[in-house]
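One-letter residues, chain by chain:
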Amino acid sequence: MSNNALALKHPVKSAAVWEKLAHHAKQFSGDHAQYTLQSLFASNPNRGREMVFSCDNISFDASKNLITQDTLDLLFALAESSGLKEKIEGLFTGEILNTTENRPALHTALRSDHSQNSSTKALTVNGTDIFAAIRETRAQMKAFTEKFHHEKQFTDIVHIGIGGSDFGPQLVCRSLSHLAKAGLKTHFLSNIDPDAFHEVISRISLEKSLFIIASKSFTTQETITNAHSVKALFLSQFGKDYDFGRHFCAVTGKHQAARDFGVPDTQIFDLPDWVGGRFSLWSAVGLPIALTLGYKNFSALLEGAAQADAHFRSTDFTQNLSVLMALIGIWNRNFLDYSGLCVLPYAHRLALFPNFIQQLDMESNGKSVDLEGKAIEYATTPLVFGGIGTLAQHTFFQFLHQSQDIVPCDFIAIGEPLAQYGDHHEKLIANVLGQTKALMEGRINISETHKNFSGNRPSNLIWLDQLTPQALGALIAIYEHKIFTQGVIWNINSFDQFGVELGKELATEALKNMA
Ligand code: F6P
């Protein structure tokens, strides 16, 4: 497809500014391009300082993008004309943003401070004060966590869930594993593959394990099959009178189904329908986080996300990290015609972050009809993939540097590592700087064209001072809001996921036919 072909179509509301952006983009790509990343830096030596934005201990360096202040001004106008301000308010105040399922998307409420003495007003959904409901679930989680640590009946936790009921807690437990309670092992079982089941089951003792079934619907085939297979093991090993229920918790919106399975009422944690799966780690889906890292660290994670929420809700678009990341993403996708996004944490502890963002982004915004149900002809979310630095350098970076496709990258780095060994960390960070510079500058080699690097390839740098529970909470929330902002501008519903349904249905049919 030719450059800017996708920019020819646009969301109706922002038509005028969309056209201006498409025109403006001609200065950066195609035959009449006037600017390159290098020329932008050469003409403004302060660019590397001027285009860095921050929110608490996280900064976002946007300088290595093909943008000027004029580009940003047009993008801010795009956000204004899309009604972003009102939509952000709607997100926080319970507007029905998930129109196809007639629900608000209130993950921000899960991390806001609505303790009895906080000044936050009550929020009612379908006649229920959701702040009171959240307080109740938090209290239940806290009490259960304290009892769990006090009684020490279990040495292993097995979290059974998939997609949004798996990635979030898994990401947090892995990223902050240095804070895990001693003597406790946490496993994540998501795949229906019997080998995955065996891998987990062969590492634990049933008697010493607590199983958490996390499923909003309590019907997801993988999760329910795995849960029933665990139950069958208990019954076959300990007899039908064994109290297997005490080994199970359920996090679900379908309490009766959990009861029918045999989970005791006190161990059923509510997952309300106004929390989308991929936004649910802040809810009781975070139970394995609280059990593994302690309730205090779970609270700190929520606090960090709440700080990013406050930043998103009240900071002017010109300094707003989520809005800036979203707008630059839209510029790259819709106007420069780049169809990918590569997420690259240079932090071993964030190894699962690309997988998590892949679901968050592609399940939210991989859509092709607008809020009115009409087919849209402009591009929505890019293909999101990623890997961990420096390992990815030795696998797919060849493509990033020399393929014909230009893929904008999000590099994520941490200032202070946990462990200090020699100059490991300096070398790690030097690789971030080296790679972003190589993508930007390239190197021309006329005599040996296979050594030619075209350069002019954009990247973002997201910098965390330290990877604390607060910082991780804020980082995830910043990305959530980035994705929401893009959904608003594309005029799509970021909170449903009907694209996953057809395959599930046909697999059920195939299973019947196989039988
Ligand atoms: O198949 C996709 C999906 O619906 C995700 O959106 C969700 O996070 C996951 O399945 C798990 O769903 P549940 O929590 O209902 O088991």
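Please read these numbers as outputs of a predicted model, since none were measured by experiment. (Residues numbered from 1 in each chain as written. Predicted model: local features only at pLDDT ≥ 70, side-chain atom pairs only at ≥ 80, totals over all residues. Heavy atoms only, no water.)

## A short note on the overall build of the chain
At step 1: Scanning the chain from terminus to terminus reveals 19 helices and 13 strands.
At step 2: At 24 Å, the chain has a C-alpha radius of gyration in line with the 24 Å of a compact globule built from 515 residues.
At step 3: When its C-alpha atoms are laid out on the principal axes, the chain stretches across 80 × 55 × 55 Å.
At step 4: For the chain, the proportion of its 515 residues judged to be buried stands at 52%.
At step 5: Within the chain, residue pairs in contact and separated by at least 24 positions form 74% of the contacts whose partners lie at least 6 positions apart.
At step 6: Taken as a whole, the chain presents about 22,900 Å² of accessible surface, with 52% of it coming from carbon and sulfur.
At step 7: Side chains of the chain carry 43 positive and 52 negative charges; the gap between the two charge centres is 2 Å. (Helix = DSSP H or I, 4+ residues; strand = E, 2+ residues; numbered from the N terminus. Rg over C-alpha atoms; globule rule 2.2 N^0.38 Å. Buried < 20%, exposed > 50% of the residue type's maximum accessible area, 1.4 Å probe, protein only. Contact = heavy atoms within 4.5 Å. Areas by Shrake-Rupley, 256 points an atom, 1.4 Å probe, with all protein chains shown as cover. Lys, Arg positive; Asp, Glu negative; His and termini not counted. Charge placed at Lys NZ, Arg CZ, Asp CG, Glu CD.)

## So, unusual backbone geometry
At step 1: Each neighbour pair has its own omega, and for G389 with T390 the value is 10°, a cis peptide bond.
At step 2: With respect to the helices and strands, the residue T390 is situated in the loop between strand 11 (383–386) and helix 16 (397–402).
At step 3: Although it is not a glycine, F218 sits at a positive phi angle of roughly 55°.
At step 4: With respect to the element layout, F218 can be found in the loop between strand 7 (209–214) and helix 10 (221–238).
At step 5: The phi dihedral of N491 falls on the positive side, at around 60°, and the residue is not glycine.

## Points about the sheet that holds strand 5 (residues 156–160)
At step 1: Ordered by their spatial adjacency, five strands build an open sheet running 6-5-7-8-9, and the pairing between neighbours is parallel. Taken across any chain shown, the strands that pair with only one partner, and hence form the sheet edges, are strand 6 (185–189) and strand 9 (268–270). Strand-to-strand twist of the sheet, defined as the mean angle between neighbouring strand axes without regard to direction, takes the value 20°.
At step 2: Relative to strand 8 (residues 248–252), strand 7 runs parallel, the two being bridged by four bridges. When the bridges of strand 8 are listed, F211 appears paired with F248. (Pairing = 2+ DSSP bridges. Axes fitted to C-alpha atoms, helices over the stretch in contact; angles between N-to-C directions.)

## Here's the deal with the packing of aromatic side chains
At step 1: Considering all chains together, one arrives at 27 aromatic pairs under this definition.
At step 2: Taken together, the ring pairs in this structure connect F211, F218, F234, F238, Y242, F244, F248 and F261 into an aromatic cluster.
At step 3: In this structure, K85 is placed above the aromatic ring of F317, and the distance from its NZ or CZ to the ring centre is 4.6 Å.
At step 4: One Lys or Arg, R111, reaches over the ring of W282 and ends 4.6 Å from the middle of that ring. (Phe/Tyr/Trp six-rings, centres within 6.5 Å; stacked < 30°, edge-to-face > 60°. Lys NZ or Arg CZ within 6 Å of the ring centre and 35° of its normal.)

## Re the pairing of strand 12 (residues 409–416)
At step 1: By the criterion of burial, strand 12 is predominantly enclosed, with six of the eight residues buried.
At step 2: In this sheet, strand 12 lies alongside strand 10 (residues 340–346) in parallel orientation, the contact comprising five bridges. Bridge pairing links V343 to D410 in strand 12.
At step 3: Looking at chain direction, strand 12 and strand 13 (residues 459–466) are connected through seven bridges and run parallel. Paired with C409 across the two strands is S459, which belongs to strand 13.
At step 4: Read as a crossover between parallel neighbours, the route from strand 12 over helix 17 (residues 424–441) to strand 13 is right-handed. (Right-handed = clockwise from strand over helix to strand, strands pointing away.)

## A word on the packing of helix 13 (residues 295–314) against helix 18 (residues 469–490)
At step 1: It is the contact of helix 13 with helix 18, at a shortest axis distance of 7 Å, that shows an interaxial angle of 40°. Relative to helix 18, the element helix 13 is oriented oblique. The hand of the helix 13/helix 18 crossing is right-handed. From helix 13, N297, A300, L301, E303, G304, A305, A308, D309 and F312 reach across to helix 18, where they touch P469, Q470, L472, G473, A474, A477, I478, H481, F484 and T485.
At step 2: Considering only residue class, the contact of helix 13 with helix 18 consists of eleven nonpolar, six polar and two charged. (Parallel < 35°, antiparallel > 145°, perpendicular 65-115°, else oblique. Left-handed = near helix turned anticlockwise from the far one by under 90°. Nonpolar A, V, L, I, M, F, W, Y, C, P; charged D, E, K, R; others polar.)

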